[in-house]
Amino acid sequence: MKRLRQLHVVTGMIFAPLLAITGITGVLILIFDRFWELLPVHSWFRWGGICIGLGLILLIITGAAIRIKGVIDSRKRKFPRGRF
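Residues numbered from 1 in each chain as written. Predicted model: local features only at pLDDT ≥ 70, side-chain atom pairs only at ≥ 80, totals over all residues. Heavy atoms only, no water.

For the rest of this paragraph, the subject is the overall build of the protein chain. Regarding its fold elements, the protein chain presents three helices and zero strands. Its helices and strands taken in sequence order, the protein chain reads α-α-α from the N to the C terminus. In terms of overall dimensions, the protein chain is more spread out than a globule: its C-alpha atoms have a radius of gyration of 19 Å, far above the 12 Å expected for 84 residues. Out of the 84 residues in the protein chain, the part that is buried amounts to 14%. For the protein chain, the share of sequence-separated contacts (at least 6 apart) that also reach a separation of at least 24 residues comes to 60%. On the protein chain, roughly 6800 Å² of surface is accessible, and the fraction owed to carbon and sulfur atoms is 70%. (Helix = DSSP H or I, 4+ residues; strand = E, 2+ residues; numbered from the N terminus. Rg over C-alpha atoms; globule rule 2.2 N^0.38 Å. Buried < 20%, exposed > 50% of the residue type's maximum accessible area, 1.4 Å probe, protein only. Contact = heavy atoms within 4.5 Å. Areas by Shrake-Rupley, 256 points an atom, 1.4 Å probe, with all protein chains shown as cover.)

As structure tokens, this is what we get:
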């Protein structure tokens, strides 16, 4: 479980700046007409969206696994074997 948490944290740290840049530039492009020159930054390269999507999917899977493990552990502490 420790390696799964490390993978989750490292993936989040890598993709958080990319998601922030994409989100901020997307909002600026939508709201203000003068920011259309940011479009190359928003779509930073051809496979950028695929990389961000795969990173988000990895974060969802690892986060769900970590959460499920935490819920199972807390249930085991709350209801000892035989009382569940």
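The next thing to look at is the side chain of Thr62. Within the secondary structure, Thr62 sits in helix 3 (residues 48–78). There is a polar contact of 3.3 Å between the side chain of Thr62 and the backbone oxygen of Leu59. In this structure, Thr62 is in contact with Leu4, Leu7 and His8, ignoring residues within four places of it in sequence. (Polar contact = N/O pair within 3.5 Å; in protein donor to acceptor, adjacent residues only side chain to side chain.)

In this model, the protein chain carries a mean pLDDT of 82, and residues with pLDDT of at least 70 account for 94%. Summarising per-element confidence for the protein chain, the mean pLDDT is lowest in helix 2 (residues 39–42) (73) and highest in helix 3 (87). (pLDDT = per-residue confidence, 0-100.)

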